[in-house]
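Observations on the three-dimensional arrangement
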Amino acid sequence: MRIRNLLFLLLALLAAYGMLIVAAELPPYGMPANPIHNQVAERYVNKALDDTGVLNMVTAIVLDYRAYDTMFETIVLFTATLAVVITLKSRKREGEQ
Amino acid sequence: MRDFILKRVAAIILPFICIYGFYVILHGHVSPGGSFAGGIIVGLSFIAYSTIYGIEKGRVKLPEKVLTWTESYGTLWYGIMGMVGIVKGAPFLANKLAGVDLGAPGALSSGGLISLIGLGVGIRVASTMVTLFFTMMEEES
Amino acid sequence: MKVLLEKLLVNYPYVAAVILFMIGALTVLTRSNLFKKLLGINIMESAIFLMFVAGGNIRGGAAPILGEVNPKSVYINPLPSALMLTGIVVSVSVTAFALALIVRLYKSYGTTDARRISQLRDEVTER
């Protein structure tokens, strides 16, 4: 058991070294000229008050611009609850009818 | 001794936590928060009550019929709110294209359908948390 | 080597995300208790959320809520935060279902040790 754990540790250190080299080549953290701030985010920030009338931009994106995704999100939660109740309550009850 | 202190402190603090959760849900479009975080806060207040005072008293407050009703109709509420757009000739789940009055920004009743949908999602998330907790706790007996 | 260390010091949130991911992966691989494996999966998911949300930040920017600060400052990008809400809900669902399965395994076999359970299953299928 000890040798297997040491082998896993060596593999994890090798993978971490590879990932750190990639993390150093990413665009610098927090600059406004990064390629992640493109014209999609600019349109959402500029026009959120005119199109929806709410002051919170994250709520306007989640519940108005992308309301379809939130609807399937609630269906995913409902399915998870259904799966848990079926797994834990399907035993024969003896004594009760 | 520990039980005594927990029961006295919980009786004073837990109603305020429940009201704070409803405040975060209802003011989701003015201040940070929203429907998901507020629903989890309301659900946690009921779970804390059941942990401290016992499962029997927790079941008296939220029987199984109420939880099933809230869970099923909360998911249907979202679809019914989307049909408002189809009735008026706009795409499904439309807010401004369907002609809903938006109101003054910053007031509590602004945003059209957004605050109604947020209330439904918040109550639904709280009901999911309480249902999962009761199902796993009653399996122990 | 010195250039690499300086670039890593500027991108410190991504370094933290990589370290958290490695801690989670090692916990899943080396521990044999089923609950600890589940916690390791949760730590890995938290590392991914940290990396995405930290990618949308602007130094010196304001929170994306209108009307509280002077209307000329730069607002940070609200899109990564809104997209990670969906991921958090998926993580909660997977954790809840995995816990229900662990409870059923305990009722059937009487132990929560992964190696002991696979030994018992080998004895059952040999017969």
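Keep in mind it's a predicted model, so treat the numbers as computed, not measured.

Some details on the overall build of chain A
Scanning chain A from terminus to terminus reveals 4 helices and 0 strands. By the compact-globule yardstick of 13 Å for 97 residues, chain A is too spread out, its C-alpha radius of gyration being 25 Å. When the 97 residues of chain A are sorted by exposure, 24% land in the buried category.

A closer look at the overall build of chain B
Counting secondary structure elements, chain B contains 5 helices and 0 strands. Start at the N end of chain B and walk to the C end: the helices and strands fall as α-α-α-α-α. For 141 residues, the compact-globule formula gives about 14 Å, and the C-alpha radius of gyration of chain B, at 18 Å, lies well above that figure. Overall size of chain B, expressed as C-alpha extent along the three principal axes, is 65 × 30 × 20 Å. Across the 141 residues in chain B, those meeting the buried criterion constitute 33%. At a minimum sequence separation of 6, the contacts of chain B that also span at least 24 residues come to 60%.

Some details on the interface of chain C and chain A
Listed per partner, the contact involves 41 residues of chain C and 35 residues of chain A. Looking at the side of chain C that touches chain A, the elements that each hand over two or more residues are α1 (2–10), α2 (12–30) and α4 (79–109) of chain C. Ranked by residue count, the leading element in the side of chain C that touches chain A is α4(C), at 14 residues. In the side of chain C that touches chain A, the residues fall into 28 nonpolar, 10 polar and 3 charged.

Describing the nonpolar core
Nonpolar side chains tend to gather and get buried jointly when the protein is soluble and globular. Core analysis: the biggest nonpolar cluster contains 40 residues, and Y44(A), M57(A), A60(A), I61(A), L63(A), I117(B) and A126(B) have the highest contact counts within it. Of all the secondary structure elements, the ones that give two or more residues to this core are α2 (39–51), α3 (57–65) and α4 (67–88) of chain A, α1 (2–26), α2 (35–53) and α5 (114–137) of chain B together with α4 of chain C. In terms of residue count, α5(B) provides more of this core than any other element does, 10 residues in total. When sequence neighbours within four positions are dropped, the list of residues in contact with I117(B) reads L63(A), Y78(B) and M81(B). Of all hydrophobic cores here, the second largest spans 5 residues; its members include Y14(C), V18(C), F21(C) and A25(C).

Topic: α1(B)
All names here are of chain B. The end-to-end C-alpha distance of α1, which contains 25 residues, comes to 36 Å, matching closely the 36 Å that a straight helix rising 1.5 Å per residue would cover. A10 marks the point of greatest bend in α1, at about 35 degrees. Residues G21, V24 and I25 constitute the buried set of α1. Packing partners of the buried residues in α1 comprise α2 and α5.

Quick word on the environment of G61(C)
Position of G61(C) relative to the elements: it lies in the loop between α3 (34–54) and α4. Apart from residues no more than four positions distant in its own chain, G61(C) is found in contact with V74(C), Y75(C) and I76(C).

Digging into the interface of chain A and chain B
Contact residues are listed per partner, giving 23 residues for chain A and 29 residues for chain B. Residue assignment for the side of chain A that touches chain B shows that the elements contributing at least two residues are α2, α3 and α4 of chain A. Considering every element that reaches the side of chain A that touches chain B, the biggest residue donor is α4(A), with 11 residues. Looking at the side of chain A that touches chain B residue by residue, the class counts come to 14 nonpolar, 6 polar and 3 charged.

Some thoughts on the packing of helix α1 (residues 2–24) of chain A against α1(C)
At a minimum axis separation of 9 Å, α1(A) and α1(C) run at an interaxial angle of 75 degrees. By the criterion of interaxial angle, the relationship of α1(A) to α1(C) is roughly perpendicular. In contact with L20(A), A23(A) and A24(A) of α1(A), α1(C) contributes L4(C), K7(C) and L8(C). Taken together, the residues of the contact of α1(A) with α1(C) break down into 5 nonpolar, no polar and 1 charged.

Details of the packing of α3(C) against α4(C)
Residues and elements named next belong to chain C. Two elements in contact, α3 and α4, have axes whose closest approach is 10 Å; the angle formed by their N-to-C orientations is 175 degrees. By the angle class used here, α3 and α4 are roughly antiparallel. Contacts between α3 and α4 involve L34, F35, L38, N42, E45, F49, F52 and V53 from the former and P80, S81, M84, G87, I88, S91, T95, A98 and I102 from the latter. Taken together, the residues that form the contact of α3 with α4 break down as 11 nonpolar, 5 polar and 1 charged.

Here's the deal with unusual backbone geometry
In this structure, L93(B) takes a positive phi of about 60 degrees despite not being glycine. Here L93(B) shows up in the loop between α4 (64–87) and α5.

Quick word on the confidence of the model for chain B
In the predicted model, chain B carries a mean pLDDT of 88, and the fraction of residues at 70 or more is 98%. If you check the scores for this complex, the pTM reads 0.89 and the ipTM reads 0.86.

Points about α4(A)
One full turn of an α-helix is made of 3.6 residues, so residues set three or four places apart face in the same direction. The terminal C-alpha atoms of α4(A) lie 33 Å apart, and with 22 residues this matches the ideal 32 Å at 1.5 Å per residue to within 8%. Those residues of α4(A) lying buried are A67(A), T70(A), T74(A), L77(A), A80(A), T81(A) and V84(A). Angularly, the buried residues of α4(A) cover 125 degrees about the axis, an arc narrow enough to put them on a single face. Of the exposed residues in α4(A), those oriented more than 90 degrees away from the buried face are Y68(A), F72(A), T79(A), L82(A) and I86(A). Residues of α4(A) that are buried sit in contact with α3 of chain A, α4 and α5 of chain B together with α4 of chain C.

Considerations on the environment of P78(C)
By secondary structure assignment, the location of P78(C) is in the loop between α3 and α4. For P78(C), the residues in contact, after removing those within four places along its chain, are Y44(A), M57(A), V58(A), I61(A) and P64(C).

Basis of the calculations
Residues numbered from 1 in each chain as written. Chains lettered and ligands numbered in written order. Predicted model: local features only at pLDDT ≥ 70, side-chain atom pairs only at ≥ 80, totals over all residues. Helix = DSSP H or I, 4+ residues; strand = E, 2+ residues; numbered from the N terminus. Rg over C-alpha atoms; globule rule 2.2 N^0.38 Å. Buried ≥ 20, exposed ≤ 12 C-beta atoms within 10 Å, placed from the backbone. Contact = placed C-beta atoms within 7 Å. Nonpolar A, V, L, I, M, F, W, Y, C, P; charged D, E, K, R; others polar. Core = buried A, V, L, I, M, F, W, Y, C linked by C-beta atoms within 7 Å. Expected span 1.5 Å × (residues − 1). Bend = angle between axes of the 7 residues up to and from the residue. Axes fitted to C-alpha atoms, helices over the stretch in contact; angles between N-to-C directions. Parallel < 35°, antiparallel > 145°, perpendicular 65-115°, else oblique. pLDDT = per-residue confidence, 0-100. Arc of directions from axis to C-beta.

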